[in-house]
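# Residue-level structural notes
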Amino acid sequence: MEEVRVIKPIKKVGGTVSLPGSKSISNRALLLAALSRGTTHLKNLLVAEDTDMMIGALKELGVKLEQHGDEVIVQGCEGNFPVKRADLFLGNSGTSMRPLASALAFSGGEYVLDGVQRMRERPMGHLVEALNSIGAQIVCLGEQGFPPLKIYPSTRITSDVVHVKGNVSSQFASGLLMAAPLVAPSQGLNIVIDGELVSSPYVSLTCKLMARFGVIVSIDVETYVVPSHPYISPGEMMVEADASSASYFLALGALVGPLTVKGVGRDSLQGDAAFVEYLAKTGASVIRGENWIKTAPSIYGPKLQGIDEDFRQIPDAAMTIAAIAPMCEGPTTLRGIASWRVKETDRIEAMAKELRKVGCQITSGSDWLRIVPPEKLQGATFDTYKDHRMAMCMSLIAAGGVEVEIRDPGCVAKTFPDYFERLASVIKE
C-alpha cells in the first residue's frame, strides 16, 4: 500500500533549523577528492540517495573511502581509477551521471553507466557529442542521446577546444570542467559554451570548488579555459548546508514565521542562495548573516505578493516560489524554467497539475508557468512523481491553512531524508 503523509494546517513556525549538506557541493567534492593527489576529509557531507550513488560508484572504481555518518575520508587516485572495467548504477542522480561520464571518458577503462527508467529519459547527447569530438569513445546503448552509456578505453585528447551546448543542463559543462585538468593538453583546454548557459551559478560553483582543489579556471566570455594541472587535496573541507533545501524553510518563515535557517548565509557558494532575493520581492522580510538567514512575513500587508520573474539562474529553488504562489496576492509567473522539463519529472506539467487541485488557475508554455491563486485555498492529496522536490514543495501548501496529503513522501530520500521530521520540529501550533 502506498505511503501517504498527512500534514495538518500550519499556522505558525519558529525557532531555528539546521540543514544537511549541499547535494551539489557534496557530489562535486567527492569526485574532486577522488581525482586529487592526497587524502581529503569531507565534513557535513549530505547523506542521501544521490551521494550514496556517487560514493558507491567511486568504491566500485577502486577509490578508497571511509564513511562515518556525514564525514567521509577519500584517498585520491589522481584520476587513475584502479578498476578499469565496471558497470555503474547511478539511480536518478544527474550530479553523478554527467560528471562521472566525463571523468571516465579518458581514464583508459571500459565502463557502462546506467540508472533508473527516469535517468534513461534525461538527456546526455550533447555531453556525449562533446566528449567524442575530442577523442572519447562513448556510445548510447539504448535510445540515442540517453543512458545507458558505454565508455570504451581512451586516454588521449585530440583537441584543445571543445564545444558544449548550454541550454539543456549546466551539468554538461560542470562535468567537462571537472575532468579537463587531468586530460587537457599542455596549453590547457578551452570549453566553449554554445548558446545560453542555463543554471550558470552551478557552473560557477564547480569552478569555485575546483579552485579549492588547486585548479584555477579562467573565463573569457563564453569560454572556460582549464589548465593542465593536477588536483591537490585541500586536506579538509566543510560542506555548506544545501541552499535548495533551505528554500522550503525560508518560504515557511515568509508565510508563517519568523524562522531562522542555519548553515547557509550571505557568503554562500551556491547560486540557490539567491532564492531569498526573489522571496524579498514578494514582500517577505529577509535578514542574512554570515552563516544564517532569517525570514518573516511581509510588514506591508497580510499576504505576500505574486511576482513575475525569470528564474533560469535558480531553477530548482524556483519550484518553491511556485509552491507558495497559491498563498500570494495576485498571479505569479515563472519564466526561463525550460530545464524543469528534463529533471526528475517534467516539473512544469507536474506543478501545473498539482496546483490545480488547490483551486489555482494555471497556464504554461515550454519555459514558463503562470499561477493565479484561488479565492479560497482547498486542501488536496498531492502526487509526487518520484520527485523529491515535488514532495517538499507541496508540503508548503499546509501553510495556507489547509490539510494536505503527500503521496510517496519517502521520495525525499534523494536529497533530504529527514525533511518531514525537520518540518515538524519548527511547527509551533
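Above this note sits the structure.
The paragraphs below set out a description of the structure included in this document. (Residues numbered from 1 in each chain as written. Predicted model: local features only at pLDDT ≥ 70, side-chain atom pairs only at ≥ 80, totals over all residues. Heavy atoms only, no water.)

So, about the overall build of the chain. Tallying secondary structure elements over the chain gives twelve helices and 23 strands in all. Sequence-distant contacts in the chain: of pairs separated by 6 or more residues, those separated by 24 or more amount to 74%. Accessible area for the chain stands at about 16000 Å²; split by element, carbon and sulfur atoms hold 49% of it. Once the 43 positive and 47 negative side-chain charges of the chain are each reduced to a mean point, those two points are 2 Å apart. (Helix = DSSP H or I, 4+ residues; strand = E, 2+ residues; numbered from the N terminus. Contact = heavy atoms within 4.5 Å. Areas by Shrake-Rupley, 256 points an atom, 1.4 Å probe, with all protein chains shown as cover. Lys, Arg positive; Asp, Glu negative; His and termini not counted. Charge placed at Lys NZ, Arg CZ, Asp CG, Glu CD.)

Here we come to the sheet that holds strand β16 (residues 285–288). Read from one edge to the other, the open sheet built from four strands follows the order β2-β15-β17-β16, with strand pairing classed as mixed. What marks the edges here is a single partner per strand, and that holds for β2 (16–18) and β16. Strand after strand, the sheet turns through a mean of 20 degrees between neighbouring axes, direction not considered. Pairing of β2 with strand β15 (residues 259–262), which is carried by three bridges, proceeds in the parallel orientation. Residue pairing across strands places Thr16 opposite Thr260, the latter belonging to β15. In this fold helix α7 (residues 243–256) packs onto β2, β15 and β17 (292–296), with an angle of close to 35 degrees to the strand it touches most, β17. (Pairing = 2+ DSSP bridges. Axes fitted to C-alpha atoms, helices over the stretch in contact; angles between N-to-C directions.)

The next point concerns the sheet that holds strand β3 (residues 39–43). Here we have four strands laid out as an open sheet, ordered β4-β5-β3-β14, and mixed in their pairing. With partners counted over all chains shown, the strands left at the sheet margins are β4 (64–68) and β14 (236–238), one partner each. Shown here is a sheet whose adjacent strand axes are inclined to one another by a mean of 15 degrees, direction ignored. As judged from the five bridges shared by β4 and strand β5 (residues 71–75), these two strands associate in the antiparallel manner. Of the residues in β5, the one forming a bridge with Lys64 is Gln75.

All told, the structure shown has 28 salt bridges when counted by the stated rule. Notably, a salt bridge pairs Lys414 with Asp50, separated by 2.8 Å at the nearest N-O pair. Here Lys414, found in the loop between β23 (404–407) and α12 (419–426), pairs with Asp50, found in helix α2 (residues 49–60); they are 364 residues apart in sequence, far enough to count as distant. A relative accessible area of 4% places Lys414 in the buried class. Members of the salt-bridge network, linked through shared partners, are Lys23, Asp50, Asp316, Lys343, Glu344, Arg347, Asp387, Arg389 and Lys414. (Salt bridge = Lys/Arg side-chain N within 4 Å of Asp/Glu carboxyl O. Buried < 20%, exposed > 50% of the residue type's maximum accessible area, 1.4 Å probe, protein only.)

Right, let's get into the packing of helix α1 (residues 23–35) against α2. A packed helix pair is summarised by two numbers, namely the angle formed by the two axes and the spacing between the axes. In the contact formed by α1 and α2, the axes pass within 9 Å of each other and the chain directions differ by 10 degrees. By the angle between their axes, α1 is roughly parallel relative to α2. When α1 is examined against α2, the residues Lys23, Ser26, Asn27, Leu30, Leu31 and Ala34 are found in contact with a partner set consisting of Asp50, Thr51, Met54, Ile55 and Leu58. Taken together, the residues that form the contact of α1 with α2 break down as six nonpolar, three polar and two charged. (Parallel < 35°, antiparallel > 145°, perpendicular 65-115°, else oblique. Nonpolar A, V, L, I, M, F, W, Y, C, P; charged D, E, K, R; others polar.)

Moving on to a nonpolar patch on the surface. Among the surface-exposed residues, Val139, Leu141 and Tyr152 lie close enough to one another that they form a single nonpolar patch of about 250 Å² accessible area. Relative to the assigned elements, Leu141 resides in the loop between β8 (137–140) and β9 (149–152). (Patch = residues over 30% accessible without salt bridge, like charges linked within 9 Å, V, L, I, M, F, W, Y side chains within 5 Å.)

Take unusual backbone geometry next. In the segment running from Pro147 into Pro148, the intervening peptide bond is cis, with an omega of 5 degrees. You can see Pro148 is positioned in the loop between β8 and β9. Between Gly257 and Pro258 the backbone carries a cis peptide bond, its omega angle lying at 20 degrees. In this fold, Pro258 is placed in the loop between α7 and β15. Although it is not a glycine, Glu78 adopts a positive phi angle of roughly 60 degrees. Of note, Glu78 is situated in the loop between β5 and β6 (85–89). Assessed through its relative accessible area of 46%, Glu78 is described here as partly exposed. In this structure, Tyr385 is a non-glycine residue whose phi angle is positive, near 60 degrees.

A word on the packing of helix α9 (residues 315–324) against helix α11 (residues 388–395). At a minimum axis separation of 9 Å, α9 and α11 run at an interaxial angle of 30 degrees. In this view, α9 runs roughly parallel relative to α11, as classed from their interaxial angle. In the crossing of α9 with α11, the sense of the turn from one axis to the other is right-handed. Residues Asp316, Met319, Thr320 and Ala323 of α9 lie in contact with α11, whose contacting residues are Arg389, Met390 and Cys393. Class assignment for the residues of the contact of α9 with α11 results in four nonpolar, one polar and two charged. (Left-handed = near helix turned anticlockwise from the far one by under 90°.)

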